[in-house]
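Secondary and tertiary structure notes
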Amino acid sequence: EPNAAFANAVETSDGSVLAALNLDTANYLVKLDQNGEFVWANAYPSSSTDDTWRAGALTATADGGAIVLHDEYLDISTAPNYQTFEVTATRLDAAGQVMWRRKYNAPVPMFVSAFPHASIVTHPNGEHTILLHGFLTYHNVLVRIDDLGNVIWSTYPDSNVMDSEADLLPGPDNGVLLVYL
């Protein structure tokens, strides 16, 4: 019996809703129109060789498409000095067709205990900010990308609390608010 769970849902610029569904071997996206009527559903196979992956975050883009973050992975083979956090971003057009897929990774100082988590926000200027976060860690990584997936900048924001959860909210002037919960 397959394992399935809805991961996320966002409203698109045309008023439709995109919902991400995690099933054992693929991420599924389902698009519903403003009346809740089915528009399309597509499967996007995992791009990692790891068997524990999921759609981690979803953001709508100005053209009615979306970016989905998936295949979150923490590579501990480089410990004890640092570990590498990886996430794959897939950009979809309004019809659900893949426009591009990029893998982002960042070496991070040792996680105390790591359950990788990524989140993403889309800005009015068409850029996107990705948060790479580990559970019970002092370290987070922010990556700003353009609408083609190119990295504009990345940074390690200071944190003096060992946060159990962190998330992103869109801020003024195309900025972000890093929120510790």
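Above: the structure in question.
Report on the accompanying structure. (Residues numbered from 1 in each chain as written. Predicted model: local features only at pLDDT ≥ 70, side-chain atom pairs only at ≥ 80, totals over all residues. Heavy atoms only, no water.)

1. Some remarks on the overall build of the protein chain
Worth spelling out the cut-off: The helix and strand labels rest on DSSP assignments: H or I over at least four residues marks a helix, E over at least two residues marks a strand, and numbering proceeds from the N terminus. Residue burial is assigned from relative accessible area. The probe radius is 1.4 Å, only protein chains are included, and a residue is buried under 20% of its type maximum, exposed over 50%, and partly exposed in between. Here, residues are in contact when the closest pair of their heavy atoms is within 4.5 Å. The method behind every accessible area is Shrake-Rupley, applied with a 1.4 Å probe, and residues are considered shielded solely by the protein chains displayed.
Within the protein chain, the regular secondary structure consists of zero helices and 14 strands. Traced from its N-terminal end to its C-terminal end, the protein chain shows the element sequence β-β-β-β-β-β-β-β-β-β-β-β-β-β. Residues classed as buried in the protein chain amount to 43% of the 181 residues present. Long-range contacts, defined as pairs at least 24 residues apart, comprise 41% of the intrachain contacts of the protein chain with a sequence gap of at least 6. Looking at the protein chain as shown, the accessible area adds up to about 9,000 Å², and 54% of this sits on carbon and sulfur atoms.

2. Digging into the nonpolar core
Side chains of a nonpolar character, in soluble globular proteins, are inclined to be buried together. Note the threshold: Put simply, buried Ala, Val, Leu, Ile, Met, Phe, Trp, Tyr and Cys residues joined by side-chain atoms within 4.5 Å make one nonpolar core.
One finds Leu69, Tyr104, Ile130 and Leu132 to be the most contacted residues of the largest nonpolar core, which totals 15 residues. Among the elements of the structure, strand S6 (66-75), strand S7 (82-92), strand S8 (98-109), strand S9 (116-122), strand S10 (128-134) and strand S11 (140-145) are those that each provide at least two residues to this core. Residue contacts for tyrosine 104: discarding those within four places in its chain leaves Phe85, Glu86, Val87, Ala89, Ile130, Ile145, Gly149 and Val151. Counting eleven residues, the second largest nonpolar core, distinct from the first, contains Ala20, Leu29, Leu58 and Leu92.

3. Topic: unusual backbone geometry
Glycine aside, residues mostly have negative phi, and peptide bonds are mostly found in the trans state. Even without glycine at this site, aspartate 173 takes up a positive phi of about 55°. As for its position among the elements, aspartate 173 is in the loop between strand S13 (166-170) and strand S14 (176-180).

4. Describing the side chain of threonine 90
What counts, and what does not: Here a polar contact is taken to be a pair of N or O atoms separated by no more than 3.5 Å, where protein atoms must pair a possible hydrogen donor with a possible acceptor and residues adjacent in sequence count only if both atoms sit in side chains.
Within the secondary structure, threonine 90 sits in strand S7. Residue class for threonine 90 comes out buried when judged on its relative accessible area of 1%. Here the side chain of threonine 90 touches arginine 101 through a polar contact of 3.0 Å, side chain to side chain. Those residues in contact with threonine 90 that sit more than four places away from it in its chain are Ala66, Ile67, Val68, His70, Val98, Trp100 and Arg101.

5. Brief notes about the pairing of S13
Going by this rule: When DSSP locates at least two bridges between a pair of strands, those strands are taken to pair.
Relative to S14, S13 is paired through five bridges, and the arrangement is antiparallel. Following the sheet pairing, alanine 166 is matched in S14 by tyrosine 180. Two successive antiparallel strands, S13 and S14, enclose a turn made up of five residues, where aspartate 173 displays a positive phi of approximately 55°.

6. Section: the pattern of salt bridges
To keep it simple, the criterion reads: Take a side-chain nitrogen of Lys or Arg and a carboxyl oxygen of Asp or Glu: if they are within 4 Å of each other, that pair is a salt bridge.
For the structure shown, the criterion picks out four salt bridges. Where lysine 31 meets aspartate 14, a salt bridge forms, and the shortest distance between an N and an O atom there is 3.4 Å. Note that lysine 31 is positioned in strand S3 (residues 26-32) and aspartate 14 in the loop between strand S1 (4-11) and strand S2 (17-23), a separation of 17 residues in sequence. For lysine 31, a relative accessible area of 4% gives the class buried. For aspartate 14, a relative accessible area of 37% corresponds to the partly exposed category. Two residues, glutamate 127 and arginine 144, come together in a salt bridge whose shortest N-O distance is 3.0 Å. Taken together, the residues span a long stretch of sequence, with glutamate 127 in the loop between S9 and S10 and arginine 144 in strand S11 at a distance of 17 residues. Residue class for glutamate 127 comes out partly exposed when judged on its relative accessible area of 22%. Salt bridges here are not isolated pairs; linked through shared partners, they connect Asp63, Arg91 and Asp147.

7. Observations regarding the side chain of asparagine 42
Structurally, the position occupied by asparagine 42 is in strand S4 (residues 38-45). Among the polar contacts listed, one links the side chain of asparagine 42 to the backbone oxygen of glycine 96, at a separation of 3.3 Å. Sequence-distant contacts of asparagine 42, defined by excluding residues within four places in its chain, comprise Asn27, Tyr28, Leu29, Ala95, Gly96 and Gln97.

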